[in-house]
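Okay, here's what each chain looks like letter by letter:
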Amino acid sequence: MVERTPILNFVTHLVLFIGFVLAVAPFAIVAIAASHNLKDVNDVPMSLLPGSDFWLNIKTAWTTADLGPKLLNSFIMATGVAAGKVIISALTAFSIVYFRYPGRTFIFWLIFITLMLPLEVRIVPTYAVVANVLSPYQTILDVTGLSWLIEKISGVRIALSFGLLNSYTGLILPLIATATGTFLYRQFFLTVPDELTEAARMDGAGALRFFIDILLPLSRTNMAALGTIMFLWAWNQYLWPLLITTDQSHATAVTELKQLIPNIGGIPEWNIAMAGTLIVMLPPLIVVVAMQRWFVRGLIATEK
Amino acid sequence: MEKRVTFSKWTVGILFAVPQLLLIFTFFYWPAGQAVYWSLTLQQPWGGGNIWVGLDNFRSILSSADYWNSITVSLVFAAISTGIVMFVALVLAALTDRQLTGSRFYRVVLIWPYGIAAPALALAFRFILAPEAGFMAVVNQAWPGFWDPGLDGVDAMASIIAAFSWKYIGYNFIFFLAAFQAIPRSLIEASAMDGAGVIRRFWDIQFPLITPTIFFLLVINITESFQDSFGIVDIMTSGGPANATNLMVYKIYSDGFKGLDYSGAAAQSIILMLLIIVLTIFQFRFIERRVHYR
């Protein structure tokens, strides 16, 4: 930068180049393996020149793992989570930042704590809740004696039951129930000048009008960043979809990968497995490349 | 920090928070509470109610050799992968920050691996590291029996560490690079004027200034290694061979959903929750000093 350091510059270039090779090599190997036929892919060492069976393998992987509908499912889930997060977090942050009401700090902490425990560690009971999403409310009614009261008065026995297993709602909602986005918006809202709010109020705008016409347009960059991050995060979810989609028709592309692992003792169809991997890798990779700016911004902002 | 100007209709304000509150109550607080309840009772999977057993579930978990094995394995995994990931990412970010020709290119490409789903990259690495095909096969041809993640626990652990590290180097790289770029150029130029070389400047100026990021990433990597490892373990090793890669989240999953031992799984969840809460509190102590809203 400010001095001549030829040796160090050489080392810098060398190390960065090695880093680059390590980062890209797995992508390249997957793509090359996906283009070989069964014999070539199992050759030791595998030829690094692409073979000719690329489209055939892609087609086989596509039909074996039934990737068409699965990719659609992944896409619906990821879009749903991203959209839900972007909207719900904005609403909550607006409420926390722009209003004064009793219990506001309590609500803030209530949401804040959800940052601590990711879905993976409370997976078993969350599964039970999703199996009957109204069970918390049923239990509350039972414990408080309300359901007994209602049964006495009206003669109707309350049995709330609404299962979300094997549904898009069941896939999406639990993934939205965290606080990541809320704090991104909160940080941004706090930097919006008060004069803007004053001017809007002077012109007779209510809370809703201010939110929709002024605050949301201002938060466009945040929405893009949050949307990108959440899309990728949801697309890459594995444990949750694996659990709640017992029915094949709702499985996602990522969970379907398991079908492509060659069995021990079976035919080592690594070329098909790699073709499937490539298909599943591609959409998030495209999003990362196309939305690089928002992706980096979102990552750094959501984790703070 | 607080806003000076606010809206007066606070009933409307609460309404804005209701969707989020309903969601986190149903899918966060209730399940978390449920986990506590289950961990203190014995649940029969086929119904018939729960029997109160106090801390028996915890006692049986903590006296099980399998569980301690799982904790040890998780900690080994967390320690080694966090070490590799942070060291490599720090070196790459420091070098990229020197802004020689091509650094913008590296800035773009080195992030790509983070976008990939853990199971997808796990399948890729399973092939790359397979003992009979792919690239470790070449080594095996020279020294037969040198590498077999299907039979050797150390090899299996090395495979999942490789796959996890590959993904998270890019992630750590982003944060380190952002931290380096936040250091005022004038500081570095001034010390260069005083005759400090590149390496001297790194240890005396840049490294001390990015320590908050180092602490932050340390905690993030450890927590991520507990969670995001599930897909990698499930695709690459299924916890084997002989439980050598049976990480905590994987054990919760297999005990709860394959062994149908809800109470045991819930007790394990609680222990993992406590572990992560402790880590997070530790993290906020460092974060609080760093984040300024203005």
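In this report, we go over the structure that sits alongside the text. These figures come from a predicted structure and were not determined experimentally.

1. Topic: the overall build of chain B
Alright, step 1. Of regular secondary structure, chain B possesses 13 helices and two strands.
Alright, step 2. Here the C-alpha coordinates of chain B stretch approximately 75 × 75 × 30 Å along the principal axes.
Alright, step 3. Taking all 294 residues of chain B together, 45% fall into the buried category.

2. Here's the deal with the interface of chain A and chain B
The extent of an interface is frequently quoted as the accessible surface area lost upon association of the parts.
Alright, step 1. Facing 90 residues of chain A, the contacting portion of chain B comprises 88 residues.
Alright, step 2. Sort the elements by how many residues they give to the side of chain A that touches chain B and helix H1 (residues 6–33) of chain A lands first, with 14 residues.
Alright, step 3. By residue class, the composition of the side of chain A that touches chain B is 64 nonpolar, 17 polar and nine charged.

3. Some words on the packing of H1(A) against helix H5 (residues 118–128) of chain B
Alright, step 1. For the pair H1(A) and H5(B), interaxial distance at closest approach is 10 Å and the crossing angle is 75°. Overall, the two elements H1(A) and H5(B) adopt an arrangement that is roughly perpendicular. Touching Pro26(A), Ile29(A), Val30(A) and Ala33(A) of H1(A) are Leu121(B), Ala124(B), Phe125(B), Phe127(B) and Ile128(B), all from H5(B).
Alright, step 2. Residue classes in the contact of H1(A) with H5(B) are distributed as nine nonpolar, no polar and no charged.

4. A closer look at unusual backbone geometry
Negative phi values dominate among residues other than glycine, just as trans dominates among peptide bonds.
All names here are of chain B.
Alright, step 1. Backbone geometry at alanine 242 places phi at a positive 50°, although glycine is not the residue there.
Alright, step 2. Within the secondary structure, alanine 242 is located in the loop between helix H11 (229–236) and helix H12 (248–258).
Alright, step 3. For asparagine 243, which is not a glycine, the phi torsion comes out positive at approximately 65°.
Alright, step 4. Here asparagine 243 shows up in the loop between H11 and H12.

5. Here we look at the environment of Trp235(A)
Alright, step 1. Tracing the backbone shows Trp235(A) in helix H13 (residues 220–235).
Alright, step 2. Linking Trp235(A) and Trp294(A), residues 59 residues apart in sequence, is a C-alpha distance of 17 Å.
Alright, step 3. Not counting residues within four places of it along the chain, the set of residues in contact with Trp235(A) comprises Ser74(A), Ala78(A), Pro283(A), Pro284(A) and Ala117(B).

Calculation criteria
- Residues numbered from 1 in each chain as written.
- Chains lettered and ligands numbered in written order.
- Predicted model: local features only at pLDDT ≥ 70, side-chain atom pairs only at ≥ 80, totals over all residues.
- Helix = DSSP H or I, 4+ residues; strand = E, 2+ residues; numbered from the N terminus.
- Buried ≥ 20, exposed ≤ 12 C-beta atoms within 10 Å, placed from the backbone.
- Contact = placed C-beta atoms within 7 Å.
- Nonpolar A, V, L, I, M, F, W, Y, C, P; charged D, E, K, R; others polar.
- Axes fitted to C-alpha atoms, helices over the stretch in contact; angles between N-to-C directions.
- Parallel < 35°, antiparallel > 145°, perpendicular 65-115°, else oblique.

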